Amino acid sequence: MNNSPTTHHLPHTLLVTGGAGFIGSNFIRYILNEHSDWQIINLDKLTYAGNLENLEDVKDNPRYHFVKGDIADRKLVDALFSGEYFAANSLTPNTQDLIPNTQDLTPNTQDLTPNTQDLTPNTFLQVSTDEVYGSTEKGKFIEQSPLSPNSPYAASKAAADLLCHAYWKTYQLPVIITRCSNNLGPFQFPEKFIPLAVTNALENKSIPIYGDGSNVRDWIYVADHCRALDFALQKGEPGEIYNIAANQEKTNLELVYKLLNIMHEPQSLVTFVTDRPGHDRRYALDASKITTQLGWKPTYSFEEALTTTINWYVDHEHWWRKIKSGEYAEYYQRMYPQR
Ligand code: TYD
């Protein structure tokens, strides 16, 4: 960390990894709008869910820089950290925060954690998920609840959380971990439940509900999540974990009926299909720590969030149609052969 007086007025630079996906792209847009003197480097490998069309509106913003690459590419990450990479652009990212936000962090988080003292970021924000706690029938998870992930994806996120915590304990890497509940909002890849339901309804296709539809998820609007990440970055304490949730639990069936009602589409579109293997029954988070300690609270009600999200998909048909029928068709066929 460089505390010399010549650097403290330099613009704040965030290195966001996996920023071309759903939450990452919303976060980048949010930060650019909210902080007129912050700049962002988006390092993304552009695998299936990373899509530069998600950031079409900010691509020419002089405070936004896209780099296609892998966070496991040590040389590249070091060059981004040291500022070498951007020397030609007179960008000086030496007051950097690092926000890993990627699907599979087990080995990669380790790759991202700097091994030299001079390349230490001010903050290393690990964007995690409520899935690390596993499922519960009753009560809500707090930050001290044991990690009990049930899927390989959730296990990889839990492993990444533990690695981050270990780097804080061993090397004092200033890690902050956030764990958020299910997000809804613009730019969510249409394999996820809400965009899948909205776009299927728009195409007059049936909406598959796993099992009996009684599984429960706790929903938050993506912009509220992004605001919470900003609070964590600015006010969070290194070494701390913050749950993020809006206290809006819904069964999948409740959710889909509400969605169809808003869209004026018939309930007959709902089709019950074989349950997903290892389908967690209920996720529920207690987010009182971030509310009481950092002063964050959600601003969107579930109804507002759902209506805004539906309207976005109605207005951005070209975006999701391309994904559903174009370059990702093969992926869809493989993932959802029944449709
Ligand atoms: P999803 O959006 O995949 O998120 P997650 O599994 O991370 O919670 O699913 C949300 C809920 O909706 C989950 O309980 C699974 C259920 N679901 C269906 O019933 N049908 C579907 O086609 C999908 C994609 C999900």
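This text gives an overview of the structure that appears in the document. Predicted model only: the values in this text are computed from it and were never measured.

To continue, consider helix α7 (residues 252-263). Relative to the 16 Å expected for twelve residues at 1.5 Å per residue, α7 spans 16 Å between its end C-alpha atoms, a close match to the ideal helical length. Along α7, the residues classified as buried are Asn 252, Leu 253, Leu 255, Val 256, Leu 259, Leu 260 and Met 263. The buried residues of α7 occupy one face: seen down the axis, they fall within an arc of 160°. Contacts made by the buried residues of α7 are with α5 (193-202), β8 (207-210), β9 (216-221), β11 (249-251), β12 (270-273) and α9 (302-315).

Let us now look at the pattern of salt bridges. In total, this model carries 16 salt bridges according to the counting rule given. Among the salt bridges present, the one from Glu 203 reaches Arg 321, with a minimum N-O distance of 3.0 Å. Taken together, the residues span a long stretch of sequence, with Glu 203 in the loop between α5 and β8 and Arg 321 in helix α10 (residues 317-325) at a distance of 118 residues. A salt bridge links Arg 282 to Glu 249; its shortest N-O distance comes to 2.9 Å. Of this pair, Arg 282 sits in the loop between β12 and α8 (288-294) while Glu 249 sits in strand β11; the two residues are 33 residues apart in sequence, bridging distant segments of the chain. Taking the relative accessible area as the measure of exposure, Arg 282 reaches 11% and is therefore buried.

What follows deals with the site of the ligand. Neighbouring residues of the ligand: 15 residues in total, closest Pro 208, Arg 217, Asn 252, Arg 276 and His 279. Within the backbone of Tyr 210, one N or O atom sits 2.9 Å away from an oxygen atom of the ligand. Relative to its free-state accessible area of 510 Å², the ligand is covered by the protein chains to the extent of 96%. Among the elements of the structure, α5 and β8 are those that each provide at least two residues to the shell around the ligand. By residue number, the principal contributor to the shell around the ligand is β8, which donates three residues. Its residues assigned to classes, the shell around the ligand shows six nonpolar, four polar and five charged.

A few words now on the pairing of strand β6 (residues 175-180). It is a general feature of regular strands that their side chains alternate between the two faces of the sheet. Counted residue by residue, β6 has six buried out of six residues, so it is predominantly covered. The alternating pattern of β6 places Val 175, Ile 177 and Arg 179 on one face and Ile 176, Thr 178 and Cys 180 on the opposite face, and all of these are buried. Pairing of strand β5 (residues 123-129) with β6, which is carried by six bridges, proceeds in the parallel orientation. Counterpart to Ser 128 in the pairing with β6 is Arg 179. Traced from β5 through helix α4 (residues 152-171) to β6, the parallel crossover comes out right-handed. Summarising the sheet, β6 and strand β10 (residues 241-244) pair through four bridges and their orientation is parallel. For Arg 179, the partnering residue across the bridge sits in β10 and is Asn 243.

What describes two packed helices is the angle between their axes and the distance between those same axes. Two elements in contact, α9 and α10, have axes whose closest approach is 5 Å; the angle formed by their N-to-C orientations is 75°. By the angle between their directions, the pair α9 and α10 is classed as roughly perpendicular. Facing α9, whose interface residues are Trp 312, Tyr 313, Val 314 and Asp 315, α10 presents Glu 317, Trp 319 and Trp 320. Partitioning the contact of α9 with α10 into residue classes produces five nonpolar, no polar and two charged.

This part takes up the sheet that holds strand β7 (residues 182-184). As summarised here, the arrangement of the three strands in space is β7-β9-β11, forming an open sheet in which the pairing is mixed. The open sheet has two edge strands with one neighbour each: β7 and β11. Taken over all neighbouring pairs, the strand axes of this sheet differ in orientation by 50° on average, direction set aside. Pairing between β9 and β11: three bridges, direction antiparallel. What sits directly across from Val 216, in β11, is Thr 251. Sitting on the sheet, α9 is in contact with β7, β9 and β11, with an inclination near 75° to β9.

Scoring rules and cut-offs
- Residues numbered from 1 in each chain as written.
- Predicted model: local features only at pLDDT ≥ 70, side-chain atom pairs only at ≥ 80, totals over all residues.
- Heavy atoms only, no water.
- Helix = DSSP H or I, 4+ residues; strand = E, 2+ residues; numbered from the N terminus.
- Expected span 1.5 Å × (residues − 1).
- Buried < 20%, exposed > 50% of the residue type's maximum accessible area, 1.4 Å probe, protein only.
- Arc of directions from axis to C-beta.
- Contact = heavy atoms within 4.5 Å.
- Salt bridge = Lys/Arg side-chain N within 4 Å of Asp/Glu carboxyl O.
- Near = heavy atom within 4 Å.
- Polar contact = N/O pair within 3.5 Å; in protein donor to acceptor, adjacent residues only side chain to side chain.
- Areas by Shrake-Rupley, 256 points an atom, 1.4 Å probe, with all protein chains shown as cover.
- Nonpolar A, V, L, I, M, F, W, Y, C, P; charged D, E, K, R; others polar.
- Pairing = 2+ DSSP bridges.
- Right-handed = clockwise from strand over helix to strand, strands pointing away.
- Axes fitted to C-alpha atoms, helices over the stretch in contact; angles between N-to-C directions.
- Parallel < 35°, antiparallel > 145°, perpendicular 65-115°, else oblique.

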